[in-house]
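Observations on the model geometry
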Amino acid sequence: MANDVALSVKDLKTFFYTERRLNRAVNGVSFEIKKGKTLCIVGESGCGKSVTASTIMQLLPTLSRIEEGEIVYHSDRGDIRIDQLERDGKQMRAIRGSEIAMIFQDPMTALNPVYTIGFQIGESLTYHTDLSRSQKRARIVELLKNMGIPLPEKRAGEFPHNYSGGMRQRAMIAMAMSCNPKILIADEPTTALDVTIQAQIFELMDTLKREHDTAIMLITHDMGVVAELADEVAVMYMGNIVEAGTVDDVLRRPRHPYTRALLDSIPVLGRGKNQKIQSIRGSTPDPYDRPVGCQFAPRCDYATDACKAMPDEENISDTHRIMCWNYEEIAARD
Ligand SMILES: Nc1ncnc2c1ncn2[C@@H]1O[C@H](COP(=O)(O)OP(=O)(O)O)[C@@H](O)[C@H]1O
Ligand SMILES: [Mg+2]
């Protein structure tokens, strides 16, 4: 294992069991997050991005479980099989929130309504660091200030319900960043925020990367953000990573019909006003009633008989991989 890798996920499957029905929410994904780099995960709503993130954090909702696969955290103390740790055991609690931190799509997942924001950030610092009382106090104020929260001394003493939605989001980001994590998982972290604050937060994530070599997994549907921040990109569809590679591989040389359709469906900064925006035809299948074989086949313009079987993962190059039977033929038509 190269020592530039912070986290490796191998053939991970996370399934939901509801009313005796089965949803293969994450259906065999493999990827690595590298130290000091950003991996962006993209894909339409429901494709398994958040479930992948919660699986790594061992914060899965009830009715779901890791079915197969490995999650290895390459810590300074050696490799740790996250998937084998007890969800609320001592080891997982020590790692979660300090070495591996997460910014959730919904801030109330991370914030407790009955404690002040300052207290909650302080708790995390008490649990995971040796800072003195006054150092903690200073760190809390600094973190809130960095997030653009006005009057941070005063605001630290307020409760989540005193904060606006955008401010809660920022308080949670402050909490996630408080212990300078080795791995930061950010699930659509800036969706509710205005562009100035968004830029500020990405700047802080960048600082974390530079100063602490933090590995970042950033879930986003904003291709502008991907183009700007990603080192590597993984495209998910119905529980699979259908294409992955460097940002150049995936944004400039997309090979999977889904990636191409996704890129055509979203305005991309720098492509000018005249770009054709075309929505992806059809809709994502019912997760409880999935197509057999390639999940994208029913919406794919290039589908053939071969697509009735699930495609293997194939390497196009050292950095670029794909799950599509027909990618070579499709490329030849360009
Ligand atoms: N708490 C839950 N209970 C049941 N099914 C869920 C739950 N959370 C997610 N799922 C299902 O898992 C699949 C992946 O969802 P998710 O990871 O949230 O998608 P997204 O890519 O939009 O983050 C979807 O089919 C979704 O319906
Ligand atoms: Mg999500």
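Residues numbered from 1 in each chain as written. Chains lettered and ligands numbered in written order. Predicted model: local features only at pLDDT ≥ 70, side-chain atom pairs only at ≥ 80, totals over all residues. Heavy atoms only, no water.

The next point concerns the coordination of the magnesium ion (ligand 2). Taken together, S50 (OG) and Q105 (OE1) make up the protein donors of the magnesium ion (ligand 2), found 2.0 to 2.6 Å from the metal. With a gap of 55 residues between them, S50 in helix α1 (residues 49–56) and Q105 in the loop between β6 (100–103) and α3 (117–128) connect regions that are remote in the sequence. (Donors = N, O, S within 2.8 Å, 3.2 Å for Na, K, Ca; no water. Helix = DSSP H or I, 4+ residues; strand = E, 2+ residues; numbered from the N terminus.)

With that settled, the discussion passes to the state of the cysteines. Within this structure, the stated rule accounts for zero disulfides. Free cysteine: C294, not disulfide-bonded; nearest cysteine sulfur from C307 at 5.7 Å. In this structure C294 comes out as buried when scored by relative accessible area, which is 12%. (Disulfide = S-S within 2.5 Å. Buried < 20%, exposed > 50% of the residue type's maximum accessible area, 1.4 Å probe, protein only.)

Here we take up the pairing of strand β7 (residues 183–187). Burial analysis of β7 places five of its five residues in the buried class, which makes it a mostly covered element. Residues of β7 alternate between two faces, with I183, I185 and D187 on one and L184 and A186 on the opposite face, all of them buried. One ladder, built from five bridges, connects β7 with strand β8 (residues 215–219); its direction is parallel. Counted as the bridge partner of I183 is A215 from β8. Once the chain exits β7 it traverses helix α7 (residues 195–212) before rejoining the sheet at β8, and the crossover so formed is right-handed. (Pairing = 2+ DSSP bridges. Right-handed = clockwise from strand over helix to strand, strands pointing away.)

Pairing is antiparallel across the open sheet formed by four strands, whose spatial order is β2-β1-β4-β5. The sheet is open, and its two edges are formed by β2 (21–34) and β5 (78–81), each paired on a single side. Here the strands of the sheet are splayed against their neighbours by 10° on average, with no regard to which way each runs. Direction of pairing for strand β4 (residues 64–75) relative to β5: antiparallel, over a ladder of four bridges. Paired with V72 across the bridge in β5 is R81. Sheet strands in contact with α1 are β1 (5–18), β2 and β4, and its direction is about 115° off that of β1. (Axes fitted to C-alpha atoms, helices over the stretch in contact; angles between N-to-C directions. Contact = heavy atoms within 4.5 Å.)

With that settled, consider empty space enclosed by the protein. Gaps left between atoms show up when a probe the size of a water molecule is rolled over them. Within this structure, the stated rule accounts for three cavities of 30 Å³ or more. If you add up the space inside the largest cavity, you get close to 80 Å³. Around the largest cavity, the lining is made up of 14 residues, and of these P257, C294, C300, C307 and C324 lie nearest the centre. Here the lining of the largest cavity is built from residues that sort into 12 nonpolar, two polar and no charged. (1 Å grid on protein atoms, 1.4 Å probe; cavity = no way out; pocket = protein on both sides within 12 Å on 5 of 7 lines; lining within 4 Å. Points joined across faces, edges and corners; volume = space filled by probe spheres on them. Nonpolar A, V, L, I, M, F, W, Y, C, P; charged D, E, K, R; others polar.)

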